[in-house]
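Descriptive analysis of the structure
Residues per chain, in single letters:
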Amino acid sequence: MDLYGKMAATQDVKGKGEGGDQNFDYMFKLLIIGNSSVGKTSFLFRYADDAFTSAFVSTVGIDFKVKTVYKNDKRIKLQIWDTAGQERYRTITTAYYRGAMGFILMYDITNEESFGAVQDWSTQIKTYSWDNAQVVLAGNKCDMEEERVVSVDSGRLLAEQLGFEFFETSAKDNVNVKQTFERLVDLICDKMSESLDTDPAVTTGAPTAKLTDSAPPLQQPGCNC
Amino acid sequence: VTANNTPPRPSIFSTLRRPNVPKPNDFIALFNDCIAVASSRTQEYLLFKDPEDKFHPSTEVLTQVFLMTYISQSVNLNMTDSFNCTAMTPEQRILLGADWVWAVLEKPTKNPQIQIAVQVLHLPDMQDAEENFPSEACSDSILIAQESSNKNMYERMVDFCTSIGKDCYALFLFFGKKNDKGNIYGVLSNNFEAAIGKCNKIDRALIENFFKVFLQREKEPYKPLYCKLTCVNGKRLNV
Ligand SMILES: Nc1nc2c(ncn2[C@@H]2O[C@H](COP(=O)(O)OP(=O)(O)O)[C@@H](O)[C@H]2O)c(=O)[nH]1
Ligand SMILES: [Mg+2]
């Protein structure tokens, strides 16, 4: 709750640089995690730059991009952190879990091992992040139907067990990429309004408009390809 | 990594050999070759001065010349499958303090096995003319990256390497030194973090001091792959 109060105040932090765009209402920090090569970097690349490359360049440590979205006339700046999946980067990547408001936990539907690791990643979130962080589970590469080894149902079931939202996605064919981010933003906004409602101290000086005025759009969790 | 035209000396990287790396000599020889080509190309521009003293290539350009030459050469020599080079994004350069990262790759997975994070240090007067951080446009994300930590660029890179472990080396690559502006030197260590414990802070003086130790020991070939930090007495520091 405290965190949301702080997040709403993030807009005052910056002072220097002319190019820095300080004109936003909220800043959300999001993280993409999951095994190496499941498509985290491609997913972010697709969302932020609408591009895809089939070459695999293993991410070194951590990286991020900034994207601004609009929701009910509010400008929300997303800081989206892309993490490297390998064990050797665990210390540096988990250091960035702190303060994250949302996670996209990704596996590759053609890679059993990456699906098996979801539980561990979920534990990492619980260990290193804040209790109220929202999580969306994404089964990526759903364009590769012939090589599929993880069924949609087992993905959905696991998400239910872990209490996460679920999408099958394709960074390559641009399936459910935007939807995944939008859903995560919705979840964070819902949580935020909830805590603003229950904690009057936070409401003082906080934006008056609620972000949940309109119902979230209906989503198809499955892959339509 | 000295790149003057004296007879070739075994590279400090030759000691990176690990018994479990398949045929390490293959890529180490190739790597040395790439470094030599990149260094001598860069050296051509280090001392450049136009007669009217109006044209000043930025530190960024020099770094790019080195990296482009290195990459072209390593692609030509077909060595990128076993030893790759990843240029950092503008954000990563600030977050991690590295300009690029070299990595020995594990064969089937292509996961990094040994890494060398590289930060280029330019002559102080050149660097002062610009900023402490790379002169990327002051975009949103650059500001966020800068504010992510209050450490300086040297410390960020050392922290990054330390967070990975002993198989990640930090290489500070000097494009010119005070008394030798036309040469390229490097200080490589996987133990810079000891300086943080003992000296509180890493700055250019500390790294250069390292370097003196390095040069003194250079008579013994091979030995100083990396100098253990000698700040125990504290006397050599902050010279
Ligand atoms: N077919 C297909 N390939 C993908 C998709 N997303 C990523 N890839 C490929 O999978 C490999 C690993 O992707 P990358 O984004 O680097 O994975 P990361 O390690 O999780 O960041 C690359 O070769 C990508 O081109 C996808 O949705 N469909
Ligand atoms: Mg990646």
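Note that the structure is predicted; figures quoted are calculated from it, not measured.

Glancing now at the overall build of chain A. When helices and strands are counted, chain A shows eight helices and six strands. Ordered by position from N to C terminus, the α and β elements of chain A give α-β-α-β-β-α-β-α-α-β-α-β-α-α. Relative to its full complement of 225 residues, chain A shows a buried share of 52%. When contacts within chain A are restricted to residue pairs at least 6 apart in sequence, those whose partners lie at least 24 apart make up 73%. When the accessible area of chain A is evaluated, it comes to approximately 10,200 Å², of which 49% is carbon and sulfur surface.

Residue and element names in this part refer to chain B. Along its twelve residues, helix α6 (residues 153-164) runs 17 Å from first to last C-alpha, staying within 8% of the 16 Å computed at 1.5 Å per residue. Judged by how many residues are buried, α6 sits mostly within the fold: ten of twelve residues are covered. Within α6 the residues assigned to the buried category are M153, Y154, E155, R156, M157, V158, F160, C161, S163 and I164. If you check the start of α6, you find a side-chain oxygen 3.0 Å away from the backbone N of Y154, and it comes from N152. Once α6 finishes, G165 follows within two positions and takes phi at roughly 130°, a positive value.

All names here are of chain A. The strand order across the open sheet built from six strands is β2-β3-β1-β4-β5-β6, with neighbouring strands paired in mixed fashion. In this open sheet, the two strands that pair with only one neighbour each are β2 (62-71) and β6 (165-168). Between one strand and the next, the sheet's axes are offset by a mean angle of 25°, whatever the strand orientation. Across the sheet, helix α5 (residues 118-128) touches β1 (26-33), β4 (102-108) and β5 (134-140), and the angle it forms with β4 is around 165°. Helix α6 (residues 152-162) rests against β4, β5 and β6 of the sheet, and its axis sits at about 160° to β6.

Turning our eyes to something else, we now look at the coordination of the magnesium ion (ligand 2). Under perfect tetrahedral coordination by four donors, a metal shows angles of 109.5 degrees; under perfect octahedral coordination by six donors, it shows angles of 90 or 180 degrees. Residues and elements named next belong to chain A. Coordination of the magnesium ion (ligand 2) by the protein involves T41 (OG1) and T59 (OG1), with metal-donor separations of 2.0 to 2.1 Å. Taken as a pair, T41 in helix α2 (residues 40-49) and T59 in the loop between α2 and β2 lie far apart in primary sequence, 18 residues in all. Given the relative accessible area of 13%, T59 is considered buried.

Right, let's talk about a nonpolar patch on the surface for a bit. A surface patch of nonpolar side chains, amounting to about 320 Å² of accessible area, comprises B:Y45, B:F48 and B:F55. Relative accessible area serves as the criterion here: at 37%, B:Y45 is assigned to the partly exposed category.

Residue and element names in this part refer to chain B. Here five strands make up an open sheet; going across it, the order is β1-β2-β3-β4-β5 and the pairing mixed. Where the open sheet ends on each side, the last strands, each with one partner, are β1 (83-87) and β5 (180-189). For this sheet, the mean inter-axis angle between neighbouring strands, taken without regard to orientation, is 20°. As paired elements, strand β4 (residues 168-177) and β5 share seven bridges and run antiparallel to each other. Paired with A170 across the strands is S189, a residue of β5.

This part takes up the confidence of the model for chain B. All names here are of chain B. Here chain B averages 77 in pLDDT, and 72% of its residues register 70 or above. Mean pLDDT across the secondary structure elements of chain B bottoms out at helix α8 (residues 204-217), with 68, and peaks at helix α3 (residues 90-96), with 96. Per-residue pLDDT stays below 50 along residues 1-8; that stretch engages in 18 contacts with residues further than four places along the chain or on separate chains. Scored below 50 in pLDDT, residues 217-239 makes 48 contacts in the model with residues more than four places away or belonging to other chains.

Residue and element names in this part refer to chain A. Taken together, 20 residues lie around ligand 1, and S37, T41, S42, D143 and A171 are the ones closest in. Take V38: an N or O atom from its main chain is 3.3 Å from an oxygen atom of ligand 1. Between ligand 1 and the protein, one listed contact pairs an oxygen atom with a side-chain N or O atom of K141 at 3.0 Å. If one sorts the elements of the shell around ligand 1 by residue count, α2 sits on top with three residues. The residue inventory of the shell around ligand 1, partitioned by class, reads six nonpolar, ten polar and four charged.

The next subject is the side chain of A:T93. All names here are of chain A. In this structure, T93 sits in helix α3 (residues 90-95). On the basis of relative accessibility, which here comes to 1%, the residue T93 falls in the buried class. The residues contacting T93, other than those within four sequence positions of it, are G61, I62, T83 and A84.

Before going further, it helps to spend a moment on the nonpolar core. Within the largest apolar cluster, 63 residues are counted, with the highest numbers of intra-cluster contacts made by A:F103, A:L105, B:F160 and B:F172. Examining the composition of this core, we find that six residues originate from one element, α6(B), more than from any other. Not counting chain neighbours up to four residues away, the residues in contact with A:F103 comprise A:L31, A:I33, A:Y97, A:I125, A:S129, A:A133, A:Q134, A:V135, A:V136 and A:L184. By size, the runner-up hydrophobic cluster in this structure holds 28 residues, among which are A:V69, A:I76, A:V185 and A:I188.

Chain A puts 26 residues into the contact, and the matching count from chain B is 25 residues. For the pair chain A and chain B, the summed buried surface comes to about 2,100 Å²; carbon and sulfur atoms form 60% of the total. At the surface where chain A touches chain B, the tally comes to two salt bridges. The partner of A:R88 in a salt bridge is B:D167, and the shortest N-O contact between them spans 3.0 Å. Joining chain A to chain B, the criterion identifies eleven residue pairs in polar contact (both at pLDDT 80 or more). Broken down by secondary-structure element, the contributors of at least two residues to the side of chain A that touches chain B are β2, β3 (74-83) and α3 of chain A. Looking at the side of chain A that touches chain B element by element, the count peaks at four residues for β2(A). Tallied by class, the residues present in the side of chain A that touches chain B amount to eleven nonpolar, nine polar and six charged.

What counts and how
Residues numbered from 1 in each chain as written. Chains lettered and ligands numbered in written order. Predicted model: local features only at pLDDT ≥ 70, side-chain atom pairs only at ≥ 80, totals over all residues. Heavy atoms only, no water. Helix = DSSP H or I, 4+ residues; strand = E, 2+ residues; numbered from the N terminus. Buried < 20%, exposed > 50% of the residue type's maximum accessible area, 1.4 Å probe, protein only. Contact = heavy atoms within 4.5 Å. Areas by Shrake-Rupley, 256 points an atom, 1.4 Å probe, with all protein chains shown as cover. Expected span 1.5 Å × (residues − 1). Polar contact = N/O pair within 3.5 Å; in protein donor to acceptor, adjacent residues only side chain to side chain. Pairing = 2+ DSSP bridges. Axes fitted to C-alpha atoms, helices over the stretch in contact; angles between N-to-C directions. Donors = N, O, S within 2.8 Å, 3.2 Å for Na, K, Ca; no water. Patch = residues over 30% accessible without salt bridge, like charges linked within 9 Å, V, L, I, M, F, W, Y side chains within 5 Å. Salt bridge = Lys/Arg side-chain N within 4 Å of Asp/Glu carboxyl O. pLDDT = per-residue confidence, 0-100. Near = heavy atom within 4 Å. Nonpolar A, V, L, I, M, F, W, Y, C, P; charged D, E, K, R; others polar. Core = buried A, V, L, I, M, F, W, Y, C linked by side-chain atoms within 4.5 Å. Buried area = accessible area lost by both parts, 1.4 Å probe.

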